[in-house]
Amino acid sequence: MAIAVERTTGGWLSGLIGILIFSGSLPATRIAVMDFDPLFLTVARATIAGMIALVILLMTRTARPQRSDWGSLLVVAFGVVVGFPLLTALALEHITSARSIVFIGLLPLATAIFGLLRGGERPRAVFWLFSVLGSALVAGFAAIGSDAGAMRGDLYMLGAIVVCGLGYAEGGKLSRHLGGWQVICWALVISLVPMAILCAVMVPDSFTEISMPAWLGLGYVSVFSMLIGFFFWYRGLAAGGIAAVGQLQLLQPFFGLMLAALILAEPVGWAMIAVTVGVVACVAGAKRFAH
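Residues numbered from 1 in each chain as written. Predicted model: local features only at pLDDT ≥ 70, side-chain atom pairs only at ≥ 80, totals over all residues. Heavy atoms only, no water.

K.L.:
What exactly am I supposed to notice about the environment of leucine 251 here?
P.N.:
Residue position: leucine 251 is located in the loop between helix H11 (242-246) and helix H12 (252-263). Given the relative accessible area of 16%, leucine 251 is considered buried. The spatial distance from the C-alpha of leucine 251 to the C-alpha of isoleucine 104 is 8.9 Å, given a sequence separation of 147 residues. (Helix = DSSP H or I, 4+ residues; strand = E, 2+ residues; numbered from the N terminus. Buried < 20%, exposed > 50% of the residue type's maximum accessible area, 1.4 Å probe, protein only.)

As structure tokens, this is what we get:
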């Protein structure tokens, strides 16, 4: 019993560290797309992270996944290596990072649903009540005051949430026997060749007009958002449960909004703060009734 509690606590701690790292992803992406094309940014970050992942796998002499794991690794690659980075980069051409961050409150519900479908988890009914409530707060915020440009960005973010939830749940399931860092490393490696080819094709004619903040944004999303954050995140999902630990994503808007205000000086209105506080309150309830 003590071992199970310790494992669960360790899972929540690892998940929290992963969320803290991910909280900088959208502000960093917002900075990067000011100078980089969203498509190039997507393939460049995957290529950089994929090369680092390949070195890690070679240095650690990690055994290859079983044949039955490759299909799931492709799902992870589709969701978190390609789908989420591309859709968020496209969204951030139309909306601020502060607005996009609030949509992250929908990720726990998406992750929990895919955890149910793909991971066989069965949270209690009250868990779903808190999860849906938190998601409804985010959806209501998005629906209020959306103009045409914001609506396009909102739709991109909704698509990003769906594919990311799938990638998180699939990766969390795989991590139970493959290991958290191994999952993201193999997903990046199997994506490396096509991403590197596209990166070479889409490379800008000149980098002289690329600002240092844009380079730093690319570096952050490549090394931390695409690789290191997943070391902690997938370990947390595997140890603490996909649906349960997945609720920590409701904290990500809170950290992300602070970064958007501090780094990008973006306006953070009372509506954003109220919604963020509401979804954070849902974390405690969801965690309490996760099992």
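Right, picking up where we left off after that structure.
K.L.:
Explain helix H2 (residues 25-32) to me, please; I cannot follow it from the model alone.
P.N.:
In an α-helix, one turn spans 3.6 residues; hence positions three or four apart end up facing the same way. The buried fraction of H2 is high, at 7 of 8 residues. Looking only at H2, the buried set comprises Ser25, Leu26, Pro27, Ala28, Thr29, Ile31 and Ala32.

K.L.:
Would you mind going over the packing of helix H3 (residues 38-60) against helix H10 (residues 212-240) with me for this structure?
P.N.:
Relative placement of two packed helices is described by the angle separating their axes and the distance separating the axes. Orientation of H3 relative to H10, taken along the N-to-C sense of each, is 50°, at an axis distance of 9 Å. With respect to H10, the axis of H3 lies oblique. For H3 against H10, the interelement crossing comes out right-handed. Contacts from Leu41, Ala44, Arg45, Ala46, Ile48, Ala49, Ile52, Ala53 and Ile56 of H3 reach H10 at Leu218, Val221, Ser222, Val223, Ser225, Met226, Leu227 and Phe231. Its residues assigned to classes, the contact of H3 with H10 shows 14 nonpolar, 2 polar and 1 charged. (Axes fitted to C-alpha atoms, helices over the stretch in contact; angles between N-to-C directions. Parallel < 35°, antiparallel > 145°, perpendicular 65-115°, else oblique. Left-handed = near helix turned anticlockwise from the far one by under 90°. Contact = heavy atoms within 4.5 Å. Nonpolar A, V, L, I, M, F, W, Y, C, P; charged D, E, K, R; others polar.)

K.L.:
Whenever I open this one, the pattern of salt bridges confuses me. Can you help?
P.N.:
Pairing is possible between side chains that carry opposite charge, provided their charged atoms lie close to one another. Under the criterion given, the structure shown has 1 salt bridge. The salt bridge partner of lysine 173 is glutamate 170, with a shortest N-O separation of 3.3 Å. With lysine 173 and glutamate 170 both in helix H8 (residues 148-178) and 3 residues apart, this pair spans about one turn of that helix. For glutamate 170, a relative accessible area of 0% gives the class buried. (Salt bridge = Lys/Arg side-chain N within 4 Å of Asp/Glu carboxyl O.)

K.L.:
I'm lost on unusual backbone geometry in this one. Help?
P.N.:
In most cases, non-glycine residues show a negative phi, while peptide bonds are predominantly trans. Non-glycine residue arginine 61 carries a positive phi angle of around 50°. Position of arginine 61 among the secondary structure elements: in the loop between H3 and helix H4 (70-91). Given the relative accessible area of 77%, arginine 61 is considered exposed.

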